[in-house]
Number of protein chains: 2
Amino acid sequence: MKKAKTAPAAPDPDGPRRRRSGNRREELMDRAAELIAAKGFDGASMRDIAAAVGMLPGSLYYHFPSKEDLLREIHGRVVSGMAARVEQALEGVESPWGRLEAAAEAHLAGLFETGSLVAIVSPDFPKGHEDLNEELRRQRRDYEQTFRDLFEALPLAPEADRTLLRLELFGALNWTPVWYRDGGRYDPRRIATVYVETIRRAYGTG
Amino acid sequence: MKKAKTAPAAPDPDGPRRRRSGNRREELMDRAAELIAAKGFDGASMRDIAAAVGMLPGSLYYHFPSKEDLLREIHGRVVSGMAARVEQALEGVESPWGRLEAAAEAHLAGLFETGSLVAIVSPDFPKGHEDLNEELRRQRRDYEQTFRDLFEALPLAPEADRTLLRLELFGALNWTPVWYRDGGRYDPRRIATVYVETIRRAYGTG
DNA sequence: GATTGCACCAAACAATCGTTTGTTCAAAAC
DNA sequence: GTTTTGAACAAACGATTGTTTGGTGCAATC
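Because the structure is predicted, anything quoted here is derived from the model rather than measured.

Each value, and the rule that gives it
- Residues numbered from 1 in each chain as written.
- Chains lettered and ligands numbered in written order.
- Predicted model: local features only at pLDDT ≥ 70, side-chain atom pairs only at ≥ 80, totals over all residues.
- Heavy atoms only, no water.
- Contact = heavy atoms within 4.5 Å.
- Buried area = accessible area lost by both parts, 1.4 Å probe.
- Salt bridge = Lys/Arg side-chain N within 4 Å of Asp/Glu carboxyl O.
- Polar contact = N/O pair within 3.5 Å; in protein donor to acceptor, adjacent residues only side chain to side chain.
- Helix = DSSP H or I, 4+ residues; strand = E, 2+ residues; numbered from the N terminus.
- Buried < 20%, exposed > 50% of the residue type's maximum accessible area, 1.4 Å probe, protein only.
- Core = buried A, V, L, I, M, F, W, Y, C linked by side-chain atoms within 4.5 Å.
- Phe/Tyr/Trp six-rings, centres within 6.5 Å; stacked < 30°, edge-to-face > 60°.
- Lys NZ or Arg CZ within 6 Å of the ring centre and 35° of its normal.
- Least-squares fit on C-alpha atoms with pLDDT ≥ 70 in both.
- Arc of directions from axis to C-beta.
- Expected span 1.5 Å × (residues − 1).
- Bend = angle between axes of the 7 residues up to and from the residue.
- Axes fitted to C-alpha atoms, helices over the stretch in contact; angles between N-to-C directions.
- Parallel < 35°, antiparallel > 145°, perpendicular 65-115°, else oblique.
- Left-handed = near helix turned anticlockwise from the far one by under 90°.
- Nonpolar A, V, L, I, M, F, W, Y, C, P; charged D, E, K, R; others polar.
- pLDDT = per-residue confidence, 0-100.

## Description of the interface of chain A and chain B
On the side of chain B, 37 residues touch chain A, which itself brings 37 residues to the contact. At the boundary of chain A with chain B, total buried surface from both sides reaches about 3,500 Å², with 62% on carbon and sulfur atoms. Across the contact surface, chain A and chain B share four salt bridges. Taking the shortest distance from any N to any O, the salt bridge between arginine 201 of chain B and glutamate 159 of chain A comes out at 2.9 Å. Our enumeration of links across chain A and chain B arrives at 10 residue pairs in polar contact (both at pLDDT 80 or more). Looking at the side of chain A that touches chain B element by element, the count peaks at 11 residues for helix H8 (residues 162–179) of chain A.

Listed below in structure tokens is the structure:
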């Protein structure tokens, strides 16, 4: 027989202290993401990250087997978040150009909100971690497929190169964190609108 | 009297051993630039650089007072080199669109030839070196003035935002090293042509 | 022929890096 | 009530980092 207090016959999958885990791990990833976005992967040391969550350096290795794996998961979560954000922005939008613009704006907003982590990590990562770099690229490739599809749906003049136009837009968007300043002349929506409008005026039919 | 071999009565401003200096310093900067472009600023250690030129780590400090200063000079030289390259590409080209296209192609070629050092260093450099970052940005600002002028000369529709269009083109160009592969479908000239042509078709008048 | 000074070597410096190991301690499971 | 386990601490590990210091050979100068 069991007392009411000890009652955990069922695995208690979401008890009063949230199954005692996952909680802290997510906070850890959030803080680490901020630091890596701000100071770069090499710039943010495990000691910095540990201090930011109020732990000791070694304790991080209970949650993640290595610094590379930490980045792997953070990068994956950020990319997934951006994918979800874009997906949501596309909901209910019908016209091909409207969809591309919505996606571009969502992408840009996601970049800024995450401290441009993806854009920062992307370019400078043939360091010594070539295998890691490859996985990060794979994570991004899935995300970029959405944009491939969006460009496929555009009504364009026959001489337009959809691939190159997509790379042009994507590059322009991903470079914005380099010059963008919060509260400046341009906001994310304006930037996305103008960039997409350029392509539309150049090659759009209809 | 002097033997023919020892002959340096005149200051010998460009003698057989090139004034004994400058020589090696330039080689040092070249090798360092390659390494930094390939592995990033943090990724390329002073020992790596020293080994690449066949010296010992400490010997580098005879030529440069610190690693930051080394990067400062390398970055400056790379930017100057790109400016010169663009300047030369503009020689004799009269039409505004032709000039922009020539500049874009030269910029892209310069990016690839230097291992994209500028594009690599640019985005990820709010690390701990905020003052250094500021100087690098200043070096680039002078260079970018050329593009500002080029855009100012373009015959554009009145609703066009020259600043934003320049940032769009510049971003698209600077992002190419992320996806570009030598021997792939696209070469620098094609990329530059298409990117500029997009803007021209969108907002060009005349 | 003696002296100067450039360009480098040789060897270490303290600091910081990612990581490992052993221990602790409260909460959960039995 | 005992055992197990999740989650962290405490303290160090070897390696690598940028940098400094003192010495040294050799070419150029007087």
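## Regarding the pattern of salt bridges
Oppositely charged side chains may form a pair once their charged atoms are brought near each other. Evaluated as defined, the whole model comprises 29 salt bridges over all chains. In this structure, arginine 72 of chain A and glutamate 68 of chain A form a salt bridge, with 3.5 Å as the shortest nitrogen-oxygen distance. Here the residue arginine 72 of chain A and the residue glutamate 68 of chain A both occupy positions in helix H4 (residues 67–90), the gap between them amounting to four residues, near one helical turn. We classify arginine 72 of chain A as buried; its relative accessible area is 18%. Note that aspartate 69 of chain B is salt-bridged to arginine 72 of chain B, the shortest N-O span being 3.5 Å. Highlighted residues: aspartate 69 of chain B and arginine 72 of chain B, both in helix H4 (residues 67–90), separated by three residues, approximately one helical turn.

## Notes on the nonpolar core
The biggest cluster of nonpolar side chains holds 129 residues, and the ones touching the most others in it are Ile74, Leu100 and Tyr195 of chain A together with Ile74, Leu100, Trp179 and Tyr195 of chain B. Looking at this core element by element, the count peaks at nine residues for helix H8 (residues 162–179) of chain B. Once you skip the residues sitting within four places of it in the chain, tyrosine 195 of chain A turns out to touch Leu169, Ala172, Leu173, Thr176 and Trp179 of chain A together with Leu164, Leu167 and Glu168 of chain B.

## Focus: the packing of aromatic side chains
Aromatic ring pairs are defined here through the distance separating the ring centres and the angle between the ring planes. Counted according to the given criterion, the structure contains eight aromatic pairs over all chains. Seen in terms of ring centroids, tyrosine 143 of chain A and phenylalanine 147 of chain A are 5.9 Å apart; in terms of plane orientation they differ by 75°. Their pairing is edge-to-face. With tyrosine 143 of chain A and phenylalanine 147 of chain A both in helix H7 (residues 130–152), this residue pair falls four residues apart, about one helical turn. Residue phenylalanine 147 of chain A is classed as buried on the basis of its relative accessible area, which comes to 1%. Taking 6.3 Å as the distance between ring centres and 90° as the angle between the ring planes, the aromatic pair formed by tryptophan 179 of chain B and tyrosine 186 of chain B counts as edge-to-face. Ring pairs connect the aromatic residues Tyr143, Phe147 and Phe170 of chain A, which therefore count as one cluster. Across from the ring centre of phenylalanine 41 of chain A, 4.5 Å away, lies the NZ or CZ of lysine 67 of chain A, which sits over that ring.

## Details of the relation of the copies chain A and chain B
Put simply, the second copy of the chain is the first one after a rotation about an axis and a shift along it. Of the transformation superimposing chain A on chain B, the axial component is 0.0 Å and the angular component is 180°, with the fit at an RMSD of 0.0 Å. Interpreted geometrically, this transformation is the action of a two-fold axis. A share of 100% of the interface residues of chain A reappears at the interface of chain B, consistent with the copies meeting face to face through the same patch.

## Observations concerning helix H2 (residues 46–53) of chain A
Residues and elements named next belong to chain A. Of all the positions in H2, only Met46, Ile49, Ala50 and Val53 are classed as buried. One side of H2 holds all its buried residues, which, seen down the axis, span an arc of 100°. Facing away from the buried surface of H2 by more than 90 degrees, the exposed residues are Arg47 and Ala51. In the core, the buried residues of H2 are packed alongside helix H1 (23–39), helix H3 (60–63) and H4.

## As for H7 of chain A
Residue and element names in this part refer to chain A. In a regular helix each residue adds 1.5 Å, so 23 residues correspond to 33 Å; H7 covers 31 Å between its end C-alpha atoms and thus fits that length. When the local axis directions of H7 are compared, the greatest deviation, roughly 30°, occurs at tyrosine 143. Regarding H7, the residues found buried are Leu132, Asn133, Leu136, Gln139, Arg140, Tyr143, Glu144, Phe147, Leu150 and Phe151. Tucked into the core, H7 has its buried residues touching H4, helix H5 (96–113), helix H6 (117–121), H8 and helix H9 (188–203).

## Side note on the environment of glutamate 152 of chain B
Note on placement: glutamate 152 of chain B falls in helix H7 (residues 130–152). Here the alpha-carbon distance between glutamate 152 of chain B and arginine 166 of chain B, two residues 14 residues apart in the chain, equals 9.8 Å.

## Details of the packing of H5 of chain A against H9 of chain A
Residues and elements named next belong to chain A. Taken N-terminus to C-terminus, the directions of H5 and H9 make an angle of 140°; their axes are 9 Å apart at the nearest point. Our classification of the angle between H5 and H9 gives oblique. Of the two elements, H5 crosses H9, and the hand of that crossing is right-handed. Listed contacts from H9 to Trp97, Leu100, Glu101, Ala104, Glu105, Leu108 and Phe112 of H5 are Pro188, Arg189, Ile191, Ala192, Thr193, Val196, Ile199 and Arg200. In terms of residue class, the contact of H5 with H9 is made up of 10 nonpolar, one polar and four charged.

## Here's the deal with the confidence of the model for chain A
Keep in mind that low pLDDT regions are not for reading the predicted coordinates in detail. Residues and elements named next belong to chain A. Model confidence for chain A is summarised by a mean pLDDT of 87, while 87% of its residues fall at 70 or above. Mean pLDDT in chain A bottoms out at H6, which sits at 77, and peaks at H9, which reaches 97. Every residue in residues 1–19 scores below 50 in pLDDT, and together they form five contacts with partners more than four places removed in sequence or on other chains.

## Thoughts on the packing of H7 of chain A against H8 of chain A
Residue and element names in this part refer to chain A. Remark: H7 packs on H8, axes separated minimally by 10 Å, with the N-to-C direction vectors making an angle of 125°. Compared by their axis directions, H7 and H8 come out oblique. In this structure, H7 meets H8 at a crossing whose hand is right-handed. On the side of H7, the interface is formed by Tyr143, Glu144, Phe147, Arg148, Phe151 and Glu152, while H8 contributes Arg162, Leu165, Arg166, Leu169 and Phe170.

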